[in-house]
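Listed below are the residues making up each chain.
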Amino acid sequence: KEIVNVTLCLISNMANTILIYLIAAKIFSYETAFICSMLYLSSFWPFQVSIYFGHIIYSTMWFLISLLAIAYINIEDIYSILIFSFLSGVTCFICFASSSSSRKYPPMIFLFLIVSLSKFIELPNSLAGYILPLAVFLLFIVVLKNTSKFLSIKIINFFIKKKYT
């Protein structure tokens, strides 16, 4: 029974290595992309997860496909924007449906979208190009910290007040 799950996770792990290389090669140099993909490949975490509970590796593959689609958006071509945005949305949906642990991916997808498309926004000086992604990243940290604390308190209070008889 578990052989299917483990095999799917190991195939997903191989695909994740290739996707990390493609995404990093689109953003950085090929040498940096190779180092990033080898760092992921040499990590023991994906192999341990695939043996024990494994759905997050499969979800990570769809998350990386979504990031790859965002990375290949060409802002001058309207069909490129529509096709790759649609592909990114579909793979995000599959990512969220394949594992409950994928709830940590939406902020990263949105941040990657802003950083990827920020090169098409003309800002007066080069320092402002770094301030916009940094400000968005800090905003995400503040919002996620406050909402996760609020939601966890509400969930804990709900279960504590409920009496199980």
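First things first, this report covers the structure right here in the doc. (Residues numbered from 1 in each chain as written. Predicted model: local features only at pLDDT ≥ 70, side-chain atom pairs only at ≥ 80, totals over all residues. Heavy atoms only, no water.)

**Overview of the environment of A71**
Keep this limit in mind: Strands here mean DSSP runs of E at least two residues long; helices mean DSSP runs of H or I at least four residues long; both are numbered from the N terminus. Each residue is assigned to one of three classes by its accessible area relative to the maximum for its type, calculated with a 1.4 Å probe on protein chains only: buried under 20%, partly exposed between the two thresholds, exposed over 50%. The contact rule is simple, with two residues in contact once any of their heavy atoms fall within 4.5 Å.
Within the secondary structure layout, A71 lies in helix α4 (residues 55-71). Residue classification places A71 among the buried residues on the basis of a relative accessible area of 10%. Among all residues touching A71, those that are not within four sequence positions of it are K26 and F112.

**Remarks on a nonpolar patch on the surface**
This is how it is decided: Patches in this entry comprise residues that are over 30% relatively accessible and not in a salt bridge; like charges within 9 Å are linked, as are nonpolar side chains (Val, Leu, Ile, Met, Phe, Trp, Tyr) within 5 Å. The Shrake-Rupley method, run with a 1.4 Å probe, gives the accessible areas here. Residue values count only the displayed protein chains as cover. Any Lys or Arg side-chain nitrogen found within 4 Å of a carboxyl oxygen on Asp or Glu counts as a salt bridge.
A cluster of nonpolar residues, L10, F34, I35, M38, L41, F44 and F47, forms a patch on the protein surface that exposes about 680 Å² of accessible area. Per-element tally for the nonpolar patch: the top contributor is helix α2 (residues 30-41), with four residues. Relative to the elements of secondary structure, M38 occurs in helix α2. Residue M38 is classed as partly exposed on the basis of its relative accessible area, which comes to 32%.

**Overview of the packing of aromatic side chains**
Applied cut-off: Any pair of Phe, Tyr and Trp rings, taking the six-membered ring for Trp, is counted once the centres come within 6.5 Å. Such a pair is stacked with planes under 30 degrees apart, edge-to-face with planes over 60 apart, and tilted for the rest.
Counting across every chain of the model gives two aromatic pairs. When the centroid spacing of 4.1 Å and the interplanar angle of 10 degrees are considered together, the rings of F63 and Y105 count as stacked. Here F63, found in helix α4, pairs with Y105, found in helix α6 (residues 105-117); they are 42 residues apart in sequence, far enough to count as distant. What makes F63 buried here is its relative accessible area of 7%.

**Some thoughts on the packing of α4 against helix α5 (residues 78-98)**
For clarity, the cut-off: Fitting a line to C-alpha atoms yields each axis, with helices limited to the stretch in contact; the angle taken between N-to-C directions then spans 0 to 180 degrees. Should an angle fall under 35 degrees it is taken as roughly parallel, and over 145 as roughly antiparallel, whereas 65 to 115 is taken as roughly perpendicular and any remaining angle as oblique. Left-handed is the label given to a crossing in which the near helix is rotated counterclockwise from the far helix by less than a right angle, and right-handed is the label when the rotation is clockwise. Any residue outside Ala, Val, Leu, Ile, Met, Phe, Trp, Tyr, Cys, Pro, Asp, Glu, Lys and Arg is labelled polar, Gly included; the first ten of those are nonpolar and the last four are charged.
Across the interface, α4 lies against α5 with an axial gap of 8 Å and an inter-helix angle of 165 degrees. Classed by the angle they form, the pair α4 and α5 counts as roughly antiparallel. Crossing geometry of α4 relative to α5 is assigned as left-handed. Mapping the contact onto sequence places H55, Y58, S59, W62, F63, I65, S66, A69 and I70 in α4 and F84, L87, S88, T91, C92, I94, C95 and S98 in α5. Residue classes in the contact of α4 with α5 are distributed as 11 nonpolar, six polar and no charged.

**Examining the side chain of S59**
Positionally, S59 belongs in helix α4. For S59, the residues in contact, after removing those within four places along its chain, are C95, S98, S99, S102 and Y105.

**Looking at α2**
Defined as follows: Working rule for helices: expected span equals 1.5 Å times residues minus one. Arc definition: directions from the helix axis to the C-beta atoms.
Here α2 contains 12 residues, and its C-alpha end-to-end distance of 16 Å stays within 8% of the 16 Å for a straight helix at 1.5 Å per residue. Turning to α2, its buried residues number three or more, namely A33, S37 and Y40. The buried residues of α2 all sit within an arc of 60 degrees when viewed along its axis, so they share a single face. In α2, the exposed positions angled more than 90 degrees off the buried face are occupied by E31, I35 and L39. Contacts from the buried residues of α2 go to α1 (2-27), α3 (45-52) and α4.

**Thoughts on the side chain of N16**
With respect to the element layout, N16 can be found in helix α1. What makes N16 buried here is its relative accessible area of 0%. Residues contacting N16, with those up to four places away along its chain left out, are Y40, I57, T60, M61 and L64.

**Considerations on the packing of α4 against α6**
It is the contact of α4 with α6, at a shortest axis distance of 10 Å, that shows an interaxial angle of 20 degrees. Of the possible angle classes, the one that applies to α4 and α6 is roughly parallel. Where α4 crosses over α6, the two elements pack in a sense that is right-handed. Residues I56, S59, T60, F63, S66, L67, I70 and A71 of α4 form the contact with α6, whose own contacting residues are Y105, M108, I109, F112, L113 and S116.

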